[in-house]
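Tertiary structure, described
One letter stands for each residue in the lines below.
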Amino acid sequence: MMFICGQPEFVLATASLEVTVRPNQILMGALYNGANISVMGDVPADSEVLIRLTGHLEDYKLKKKGRAMGVLWMNLGIVEIQKVPSLFLLYPSKAVNDSLQAGRQSWQDLGLGFEAVLKQANIVLDSEDKSALFEEFVKLEKKSGLYGTIKNTIHYKEGKGGMKSFSCTLALPSGLPQGVYKLDVFAIKDDAIAGYTSKEIEAKKVGMPAFITSFAFNHGTLYGVLAVLVAIIAGLVTGVIFKGEKAH
Amino acid sequence: MGGFVGLLSGIFGVGGGFLMTPLLIMIGIPPTVAAASDSNQIVGASTSGTLAHYRLGNVEFKMGILLLIGGVAGGTVGVQFIKILRHMGNADFLIQITYVIMLGFVGIYMFVESLQGLRVSKSTEVVAVPKKESKYAMILKKLPWQTNFEKSGTELSIVLPLVLGVFVGILAAIMGVGGGFIMVPVMVYLLRMPMHVVVGTSLFQILFTCINVTIMQANTNHTVDFVLALILLIGSTLGAQMGAKISRRLKGEQLKIILASLVLIVMVKMLMGLLLKPEILLAFVGGH
């Protein structure tokens, strides 16, 4: 499975962090409406924490809207955005968020934020500004809750031996697709990565939703026919319950 | 949401897809899933609504079946036509412009006509003047295979509903909608059916259109979310029953004027969408 890059050079050079993730498996049943994941660990006392949750790389086909005849906004064609993560959520500490907002070159070089996604993405388009188009893509994904920067979620406590403890609750969206997600935890000091660790989180449909998904993909026509039958029966049952006025 | 859209469906004989799909997208459902699941729930709402209207004597089955046959043929032609348009480019432009013009024309005509109808019915001194038969009525009488449509109280050639069904089918395929919004005015003005019978017959026809769409979407795109449709169904089937009862209590002209207002609101919304810069300049392929 392919995930976003951005850390290969430092993985060997930086200290590995001790981090606990609970739970590391999300079971999405019929009543699933988003989930919370607790991340806890220790980082050097003089560093700041950034948590990044990413999905596997996917290709998207999108309609591009533009102005036609100078006045009308409409779909003007199809754009392909390839090799972008299906989920990209950043949970920065306040200090890290300030650095992200400032957009310093040293930060961009770390390749931890959205600029890393743009760098890796392949946008199939001839004439337009790719970064402007990518910004629109991020806006679209942010609207679905699958991309975003979630602030004020990292909390610190004093630790021992030059370390401090952090905790964070990651609120995962209700529209989270089934799959394996990569959780990266970075300790950042002076615009450089001082510590790093990576964990995997699996989101898995169970029970009725799992059965329905499998049925819908493996027996599409039968699934459609059954969906129609259930709808008709529901309509008829309601009709019978409401039987009040007679035919003329 | 399901209850509200079902209510509209039962009152006016429209599927409600024009309202439900955007509402589902607004709460975060992907456009393709929203459109397909919506058509699944419309099957339930229109079954419930058709049954309620059948009990009230408002379903003209013969007319519904003829329109349906024409609609299927027209839909097939329309799908091919849209393929050619897409190949030529600017298909979306044509679709949206057709939508705005059609809705604008139909909405304004219905609104003005029903307003005049309401004014006439309010005046107490109406002098009965024998009406001169219009050219349209004379042409209708000359068409072959005249058949009696009992519920509507009219005699018409079966050619007319077949041809109009084809026309609506083509437009519905081009616009990507069920066609209730076009079918209702066509039945009222061109087939001259009473408004209450139009509502019941339109629902009967929508039922089959949405059965077809649901199975096609489930088979080709796997975008029908059954759980979502089921949740919406609970509200919409109840809403459709209540809508049918409300519809019976309203006068034909009142029904027309409210529907005309709804059509005009949708038209204005679409026009604004064409004129104002969208918040996001990209959209997932497959939305309405």
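Report on the accompanying structure. Keep in mind the model is a prediction, meaning the values are calculated, not measured. By convention here, each chain's residues receive numbers from 1 onward along its written sequence. Think of it this way: whatever chain is written first is A, whatever ligand is written first is 1, and the rest follow in order. Only residues with pLDDT of at least 70 get local features here, since the model is predicted, and only at 80 or more are side-chain atom pairs given and counted; chain-wide, interface and lining totals rely on the full set of residues.

Runs of H or I in DSSP of at least four residues are treated as helices and runs of E of at least two as strands, each being numbered from the N terminus. Looking only at helices and strands, one finds seven helices and 14 strands in chain A. Any residue surrounded by 20 or more other C-beta atoms within 10 Å of its C-beta is treated as buried, while 12 or fewer makes it exposed and the intermediate range makes it partly exposed; C-beta atoms here are placed from the backbone. Counting across all 248 residues of chain A, residues that qualify as buried make up 30%. By definition, residue pairs are in contact when their C-beta atoms, positioned from the backbone, come within 7 Å. Here the contacts in chain A between residues at least 6 apart in sequence split such that 72% fall between residues at least 24 apart.

The next thing to look at is the overall build of chain B. Along its length, chain B carries eleven helices and three strands. The order of α-helices and β-strands along chain B, N terminus first, is α-α-α-α-α-α-β-β-α-α-α-α-α-β. Looking at the 288 residues of chain B, the share that counts as buried comes to 48%. Summarising the internal contacts of chain B: among those between residues at least 6 apart in sequence, 81% fall at separations of at least 24.

So, about the nonpolar core. In globular proteins that are soluble, nonpolar side chains generally tend to be buried together. Connectivity within a nonpolar core runs through C-beta atoms within 7 Å, and the core itself is a set of buried Ala, Val, Leu, Ile, Met, Phe, Trp, Tyr and Cys residues. In this structure, A227 of chain A together with V184, M187, L191, V198 and V263 of chain B are the most contacted members of the largest nonpolar core, which totals 76 residues. In terms of residues, this core owes the most to one element, helix 9 (residues 195–220) of chain B, which gives 13 residues. Leave out the neighbours within four places in its chain, and M187 of chain B touches M193, V198, T201 and S202 of chain B. I37, L112, V185 and F186 of chain A belong to the second largest nonpolar core, which has 47 residues in total.

This part is about the interface of chain A and chain B. Opposite the 45 residues of chain A that make contact, chain B presents 42 residues. Within the residue set of the side of chain A that touches chain B, elements represented by two or more residues are strand 6 (57–68), strand 7 (72–85), helix 5 (130–143), helix 6 (207–218) and helix 7 (220–241) of chain A. Ranked by residue count, the leading element in the side of chain A that touches chain B is helix 7 of chain A, at 14 residues. Throughout this entry, Asp, Glu, Lys and Arg are counted as charged residues, while Ala, Val, Leu, Ile, Met, Phe, Trp, Tyr, Cys and Pro are counted as nonpolar. The remaining residues, Gly among them, count as polar. When the residues that make up the side of chain A that touches chain B are grouped by side-chain class, the tally is 25 nonpolar, eleven polar and nine charged. The rule for pairing is simple: two strands pair if DSSP sees at least two bridges between them. Where strand 6 of chain A and strand 3 (residues 282–284) of chain B come together, three bridges link them in antiparallel fashion. Residue pairing in the sheet places L62 of chain A in a bridge with F284 of chain B of strand 3 of chain B.

Turning to the packing of helix 8 (residues 180–190) of chain B against helix 9 of chain B, a few remarks are in order. Pairs of packed helices are described in terms of their axes, by the angle between the two and the distance that separates them. All names here are of chain B. Between helix 8 and helix 9, the shortest axis-to-axis distance is 10 Å and the interhelical angle comes to 140°. One element, helix 8, and the other, helix 9, form an angle in the oblique class. Judged by the sense of rotation from one axis to the other, the crossing of helix 8 with helix 9 is right-handed. Here helix 8 contributes G180, M183, V184, M187 and V188 to the contact with helix 9, which in turn contributes M195, V198, T201, S202, Q205 and I206. Lines are fitted to the C-alpha atoms to define the axes, a helix being fitted only along its stretch in contact, and any angle between axes, read from their N-to-C directions, falls within 0 to 180 degrees. Oblique is the label for any angle not covered by the other classes, which are roughly parallel (under 35 degrees), roughly antiparallel (over 145) and roughly perpendicular (65 to 115). In a left-handed crossing the near helix is turned counterclockwise from the far helix by less than a right angle, and in a right-handed crossing that turn is clockwise.

All names here are of chain B. Where strand 1 (residues 146–149) meets strand 2 (residues 154–157), four bridges bridge the pair, whose relative direction is antiparallel. Looking at the pairing, N148 lines up with E155 of strand 2. Hairpin geometry of strand 1 and strand 2 is characterised by an intervening segment of four residues between the two adjacent antiparallel strands and by a positive phi of about 70° at G153.

Next up on the list: the sheet that holds strand 11 (residues 154–158) of chain A. Pairing between the strands of a sheet is mediated by backbone hydrogen bonds and can be parallel or antiparallel. All names here are of chain A. Taken in spatial order, the four strands make up an open sheet running 2-4-12-11, and their pairing is antiparallel. Unpaired on one side and paired on the other, strand 2 (18–22) and strand 11 mark the two borders of the sheet. Each neighbouring strand pair of the sheet contributes to a mean axis angle of 15°, computed without reference to strand direction. Relative to strand 4 (residues 35–44), strand 2 runs antiparallel, the two being bridged by five bridges. Looking across to strand 4, one finds that R22 is bridged to S38.

Right, let's get into the sheet that holds strand 3 of chain B. Reading across from one edge, 9(A)-7(A)-6(A)-3(B) is the order of the four strands in this open sheet, with antiparallel pairing throughout. The sheet terminates laterally at strand 9 (122–124) of chain A together with strand 3 of chain B, the two strands that pair on one side only. When strand polarity is set aside, the average angle formed by the axes of neighbouring strands in this sheet is 35°.

Let us look at the environment of I234 of chain B. All names here are of chain B. With respect to the helices and strands, the residue I234 is situated in helix 10 (residues 226–249). Exposure remark for I234: the 16 C-beta atoms within 10 Å place this residue in the partly exposed category. It is 7.7 Å that separates the C-alpha atoms of I234 and G3, two residues lying 231 residues apart in sequence.

Before going further, it helps to examine the pairing of strand 12 (residues 163–172) of chain A. All names here are of chain A. Bridge count between strand 4 and strand 12: ten bridges; the pairing is antiparallel. Bridge pairing in strand 12 places A35 opposite L172. Pairing of strand 11 with strand 12 involves five bridges; the strand directions are antiparallel. Of the residues in strand 12, the one forming a bridge with H155 is S167. What sits between strand 11 and strand 12 in their antiparallel hairpin is a turn of four residues, with G161 showing a positive phi close to 60°.

Residue and element names in this part refer to chain B. On the secondary structure map, G153 appears in the loop between strand 1 and strand 2. Taking the number of C-beta atoms within 10 Å as the measure of exposure, G153 has 12 and is therefore exposed. Put simply, G153 and P194 are 41 residues apart on the chain and 8.4 Å apart in space, counted from C-alpha to C-alpha.

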